[in-house]
Amino acid sequence: LKMFWFYLPLHLLMVACLCHSIKAPTTRSQQNLKTDLFNFYHSLILADGKETTIHLLKDIPKRYYFVLEEGRALTPFAITVTPCDVPIEWSILAYKASASVLGKAAPGDHDTQEVSKSQKSPSMVSTIFNYKGNSVETYMGMSSHSALYMLEFLSTERDTHITVYLSTDTTSGHLYPELPMDPRIDVTGIGHTTVTLTWKHSPSVLQHTENIQYCLLVNEKHNYKSLCAAETAIRSSGMKLPPTLALSLSPYLLEPQQVMILSNSELSIINKVSSGEVRQICMGTKNTYTVPNLSPSTQYYFDVFVVNLLTNASAAYTGTFARTLEEPEPKVMELKDGKVIQVVLDGKKKKFYSLQYQARHKKIQFTFQLCHGQVRVHITKNGKTVALENISGLRYFSLKGKLLDTYVVQLRSTEQSNSSVKVQVSPHFHKPLFPLLPESLKIKSFSKLRTCNSVTIAWLGTQEESKYCVYKKRIEEDQVWMELQSVDRCSGPESRHKSEKVLCKYFFDVNVQRAVTTETIKGLDAGTLYLFDVYLFGPSGIPVRYHSKVVKTRKKC
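Note that the structure is a prediction, hence the values are computed from the model and not measured. (Residues numbered from 1 in each chain as written. Predicted model: local features only at pLDDT ≥ 70, side-chain atom pairs only at ≥ 80, totals over all residues. Heavy atoms only, no water.)

## With respect to the overall build of the protein
Put simply, the rule reads: By the criteria applied, helices consist of DSSP H or I runs no shorter than four residues and strands consist of E runs no shorter than two, each listed in order from the N terminus. Any residue under 20% of the maximum accessible area for its type is buried, any over 50% is exposed, and the rest in between are partly exposed; the area is computed with a 1.4 Å probe on protein chains only. The contact criterion used is simple: two residues touch if any of their non-hydrogen atoms lie within 4.5 Å. Only the protein chains shown count as cover for residues, and all accessible areas are computed by the Shrake-Rupley method using a 1.4 Å probe.
Counting its secondary structure elements, the protein contains 7 helices and 36 strands. Buried positions account for 44% of the 557 residues belonging to the protein. The long-range fraction of contacts in the protein, counting pairs at least 24 apart against all pairs at least 6 apart in sequence, stands at 74%. Split by element, the accessible area of the protein, about 29500 Å² in all, is 53% carbon and sulfur.

## Focus on unusual backbone geometry
The phi angle at N382 is positive, at roughly 55 degrees, despite the residue not being glycine. Along the chain, N382 falls in the loop between β24 (375–381) and β25 (384–391). Of note in this structure, L404 is not a glycine but carries a positive phi near 70 degrees. Within the secondary structure, L404 sits in the loop between β26 (394–400) and β27 (406–413).

## A word on the nonpolar core
Spelled out, the test is: Residues belong to a common nonpolar core when they are buried Ala, Val, Leu, Ile, Met, Phe, Trp, Tyr or Cys residues joined through side-chain atoms within 4.5 Å.
In this structure, F366, F368, I379 and L411 are the most contacted members of the largest nonpolar core, which totals 24 residues. At the level of elements, β21 (341–345), β22 (353–358), β23 (363–372), β24, β25, β26, β27 and β28 (419–426) are the ones that each hand at least two residues to this core. Here the element with the most residues in this core is β23; it accounts for 4 residues. With near-sequence residues (within four places) excluded, I379 lies in contact with F366, F368, K384, T385, V386, A387, F397, L399, Y407, V408 and V409.

## As for the packing of aromatic side chains
Each aromatic ring pair is summarised here by two numbers: the centre-to-centre distance and the angle between the ring planes. For clarity, the cut-off: Aromatic rings from Phe, Tyr and Trp, with only the six-membered ring used for Trp, were paired whenever their centres fell within 6.5 Å, and each pair was classed as stacked if the ring planes differed by under 30 degrees, edge-to-face if by over 60, and tilted otherwise. Note on criteria: charge over ring means Lys NZ or Arg CZ within 6 Å of the ring centre, with the direction from the centre no more than 35 degrees off the ring normal.
Per the counting criterion, the structure on display carries 19 aromatic pairs. For the pair F66 and Y149, a centre-to-centre distance of 5.1 Å together with 10 degrees between the ring planes defines the contact as stacked. Note that F66 is positioned in strand β3 (residues 62–67) and Y149 in strand β8 (residues 147–154), a separation of 83 residues in sequence. One exposure class covers both F66 and Y149, and it is buried. Relative to Y176, the ring of Y165 lies with its centre 5.5 Å away and its plane at 75 degrees, an arrangement referred to as edge-to-face. Here Y165 is found in strand β9 (residues 160–167), whereas its partner Y176 is found in the loop between β9 and β10 (185–190), with 11 residues between them in sequence. Judged by relative accessible area, Y165 falls into the buried class, the value being 11%. When its relative accessible area of 15% is taken as the criterion, Y176 is described as buried. Ring pairs connect the aromatic residues F66, F77, W90, F129, Y139, Y149 and F153, which therefore count as one cluster. Here the guanidinium or amino end of R395 rests over the ring plane of F397, the centre of that ring lying 4.3 Å away.

## Some words on the state of the cysteines
Inclusion rule: Here, the term disulfide refers to a pair of cysteine sulfur atoms separated by no more than 2.5 Å.
By the definition in use, this model includes 5 disulfides. Disulfide partner of C84: C228, at an S-S distance of 2.0 Å. Taking the torsion about the S-S bond as the criterion, the C84 to C228 disulfide, at about -95 degrees, is left-handed. On the criterion of sequence distance, the pair formed by C84 in the loop between β4 (74–83) and β5 (88–97) and C228 in helix α6 (residues 227–236) is long-range, its members being 144 residues apart. The exposure class assigned to C228 is buried, which follows from its relative accessible area of 16%. A disulfide bridge connects C215 with C282, and the sulfur atoms are separated by 2.1 Å. One quick way to see it: the torsion about the S-S bond of C215 and C282 is about 105 degrees, and its sign makes the bridge right-handed. Residue C215 is found in strand β12 (residues 212–219), and its partner C282 is found in strand β15 (residues 276–282); the two are separated by 67 residues along the sequence. An identical accessibility class is assigned to C215 and C282; each is buried. Each bonded cysteine in the protein gets a number by its place in the sequence, and the pairs come out as 1-3, 2-4, 5-8, 6-10, 7-9.

## Remarks on the confidence of the model for the protein
Low-pLDDT portions of the prediction should not be read for the details of their coordinates. Our working definition: pLDDT gives the predictor's per-residue confidence on a scale running from 0 to 100.
Overall, the predicted model of the protein reaches an average pLDDT of 79, with 77% of residues at or above 70. Averaged pLDDT values over the elements of the protein bottom out at 36 in helix α1 (residues 2–7) and peak at 97 in strand β30 (residues 455–460). Contacts for the low-pLDDT stretch residues 1–26, under 50 throughout, to residues beyond four places or in other chains number 50 contacts. For the stretch residues 98–122, pLDDT sits under 50, and the model shows 30 contacts to residues farther than four places along the chain or on other chains.

## Observations regarding the pairing of strand β33 (residues 516–521)
For the record, the criterion: A strand pair is defined by DSSP finding two or more bridges across the two strands.
What you see with β33 is a clean split: T517, E519 and I521 sit on the buried side and V516, T518 and T520 on the side with no burial. Both β30 and β33 contribute to a ladder of 6 bridges, which runs antiparallel. Paired with W459 across the strands is T517, a residue of β33.

## Things to note about the pairing of strand β31 (residues 466–475)
For β31 and strand β32 (residues 501–507), the ladder comprises 6 bridges, and the chain directions are antiparallel. Along β32, the bridge assignment pairs C469 with C504. Pairing between β31 and strand β34 (residues 529–537): 9 bridges, direction antiparallel. Opposite K467, over in β34, you have F537 as the bridge partner.

## Considering a nonpolar patch on the surface
Let me state the cut-off plainly: Without a salt bridge and with relative accessible area above 30%, a residue can belong to a patch; like charges are then joined within 9 Å and nonpolar side chains (Val, Leu, Ile, Met, Phe, Trp, Tyr) within 5 Å. One speaks of a salt bridge when a side-chain nitrogen belonging to Lys or Arg is within 4 Å of a carboxyl oxygen belonging to Asp or Glu.
Together, V187, I190 and L325 make up a nonpolar patch on the protein surface, roughly 210 Å² of accessible area in all. Following the sequence through the fold, L325 ends up in the loop between β19 (320–323) and β20 (333–334).

## Topic: the sheet that holds β30
Read from one edge of the open sheet, 3 strands run β29-β30-β33, paired in antiparallel fashion. The sheet terminates laterally at β29 (444–445) and β33, the two strands that pair on one side only.

## Section: the sheet that holds β22
Strand order in the open sheet made by the 5 strands is β20-β22-β27-β24-β25, with mixed pairing throughout. In this open sheet, the two strands that pair with only one neighbour each are β20 and β25. Sheet topology note: the β24/β27 ladder contains 7 bridges and is antiparallel. Across the sheet, K381 pairs through a bridge with Y407, a residue of β27.

What follows is the structure, encoded as structure tokens:
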């Protein structure tokens with residue numbers, strides 16, 4: 001028995017002795033103590049000098065404990081807890097016993113006698129620290145070797161996770177990078193699309209330049225008090241993140257919703273999330289940075305983290321926010337009679353593009369040809385709306401008014417990607433810009449007429465004699481979607497390679513019901529996909545492109 005007590009690990013010895021001292025509880029406090037000590041057996045030992053990730057279930061407390069190294073009278077220790085999501089409650093409880101509980105740790109009968117005395121020695125439990133919130137909090141204290149400590153964590157909002165770091169070695173440096181005395185981020189410049197930030201250097205950067213770097217987080221929602229809180233928020237919006245911001249240096253770690261930009265020794269990762277984009281920029285040891293490519297008149301939140309690349313640990317500066325300047329009113333472009341202009345619209349910024357026209361005739365006609373994407377058209381006459389709709393393909397607006405009426409056309413992309421449209425205004429109704437169009441711009445193929453080296457296609461014509469040109473392009477299976485999505489419906493045959501041209505022909509029929517033509521394209525390869533296009537040319541020479549058609553030749557004949 002003497003040898004058993006002598007060789008027991010310290011933490012088990014304390015639990016065993018404390019439990020032994022209350023074997024016959026006579027008061028409610030003793031019963032509670034026994035219950036608490038029972039919980040020690042079902043708790044986990046907190047590692048010293050290592051960051052531990054702890055997962056918490058809602059309303060279920062989780063307990064960890066630690067004791068100090070035997071043989072040291074007083075030991076300084078520090079505990080840092082980092083909530084990674086919602087606010088949590090956590091506390092530190094100290095279990096202390098008289099020195100006789102542990103005896104003198106010397107061999108002989110005397111040791112047994114000291115242990116037996118502990119049956120009459122009361123043990124004490126006290127809460128030495130408690131906290132509730134979602135900030136990174138550190139407790140520092142001194143402890144004797146006869147104390148056993150328990151950490152208790154509780155989340156009352158939802159399941160979450162935290163990180164905990166216990167350290168009893170104050171001579172080996174800091175796991176977490178140090179913050180300066182003033183950890184604020186200063187906004188030193190604001191533009192329409194840029195914000196310039198500066199912050200004081202971390203002492204860790206000055207001491208360990210090769211292992212420490214700054215990383216900046218930019219988002220439109222709110223500031224984050226820790227790096228793990230930021231990563232948790234981005235993950236909860238429906239995407240995965242690399243393990244840490246600082247170590248996200250390899251393209252293979254990126255998800256489809258992420259874009260990585262590496263230039264001038266700066267790493268930028270842009271995460272596309274439901275609440276906007278979140279940018280992560282790591283800029284080495286520079287403590288001044290100008291954030292580019294922001295949207296005008298938008299509030300952004302900025303957080304700077306100093307990151308230890310060796311330990312993956314980070315410390316957060318006090319976040320800040322700034323609103324970019326409003327974009328100046330766009331210049332209004334003047335439209336001239338008969339002149340065609342092409343406008344490219346930024347889908348991301350959702351801003352209007354304005355065109356103005358002063359009528360020199362009572363009757364005018366606006367013509368819009370959608371080249372790519374989707375566009376919303378808003379036309380006003382002297383400040384009053386006369387047309388408002390989303391356009392597709394070719395669209396005419398014939399309007400009546402007075403001489404010198406002022407028309408303003410506002411164009412906006414309705415898609416996230418860029419859109420493009422051609423615009424013309426003209427008083428000459430008898431000289432249309434575009435050719436007379438058929439009822440449908442679809443190209444039809446005949447499956448039964450397909451062979452291994454030919455396909456037959458058909459398309460509708462009009463009552464007006466016009467020129468039609470057919471083009472073909474060989475494509476692969478994985479290119480079909482991209483080819484169809486990226487088609488510029490305003491581009492003419494001049495954008496095609498000469499080898500893609502099949503033929504040009506003229507035709508019409510006074511009976512619109514019979515204005516149909518077919519063409520058999522020969523000399524094709526077996527089992528191959530082809531993209532076919534038909535261009536219609538009118539009197540003005542401006543082409544209209546039919547909807548592209550993909551056809552595959554037969555593999556065996």
